[in-house]
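Chains, contacts and geometry: an overview
As a plain string of letters, each chain reads:
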Amino acid sequence: MSRYRTIAKPRATVTITVDGRSLQIPYRQSLLAALLTNGVATDFHCAIGQCQRCLVRVNGRVETACLYMPKGGETVATNA
């Protein structure tokens, strides 16, 4: 038995739209990790929010992809 609790269901996924393409990604995975594992070309350096080279637009707002956790239903533009 695990000592840690989570509210996430095992293998739960959310759907987001990236540059017009629908993606199913694991719940609680950072947007940067989702973009990288799905082959979406991104520019990043530190992956901890300091360099801000992974900026994207999420529902029209500029966000740092490495720190953003999609909840589902977001529209992402990688050419921010």
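Since this is a predicted model, take the numbers as computed values, not measurements. (Residues numbered from 1 in each chain as written. Predicted model: local features only at pLDDT ≥ 70, side-chain atom pairs only at ≥ 80, totals over all residues. Heavy atoms only, no water.)

Counting its secondary structure elements, the chain contains one helix and five strands. In sequence order, the chain lays out its α and β elements as β-β-α-β-β-β. Sequence separation of at least 24 residues holds for 35% of the intrachain contacts in the chain that already meet a minimum separation of 6. (Helix = DSSP H or I, 4+ residues; strand = E, 2+ residues; numbered from the N terminus. Contact = heavy atoms within 4.5 Å.)

The next thing to look at is the side chain of serine 30. Position of serine 30 among the secondary structure elements: in the loop between strand S2 (21-26) and helix H1 (31-37). Within the structure, serine 30 has its side chain in polar contact with the backbone nitrogen of alanine 33 (distance 3.1 Å). Serine 30 has contacts with Ala65, Cys66, Tyr68, Met69 and Pro70, leaving out every residue within four places of it along the chain. (Polar contact = N/O pair within 3.5 Å; in protein donor to acceptor, adjacent residues only side chain to side chain.)

In space, the five strands of this open sheet follow the order S2-S1-S5-S3-S4, with mixed pairing throughout. A strand with exactly one partner marks an edge of an open sheet, and here the two such strands are S2 and strand S4 (61-64). Sheet twist, expressed as the average angle between the axes of neighbouring strands with direction ignored, equals 40 degrees. Relative to S2, strand S1 (residues 13-18) runs antiparallel, the two being bridged by six bridges. (Pairing = 2+ DSSP bridges. Axes fitted to C-alpha atoms, helices over the stretch in contact; angles between N-to-C directions.)

Scope: geometric values only; no functional claims are made or implied.
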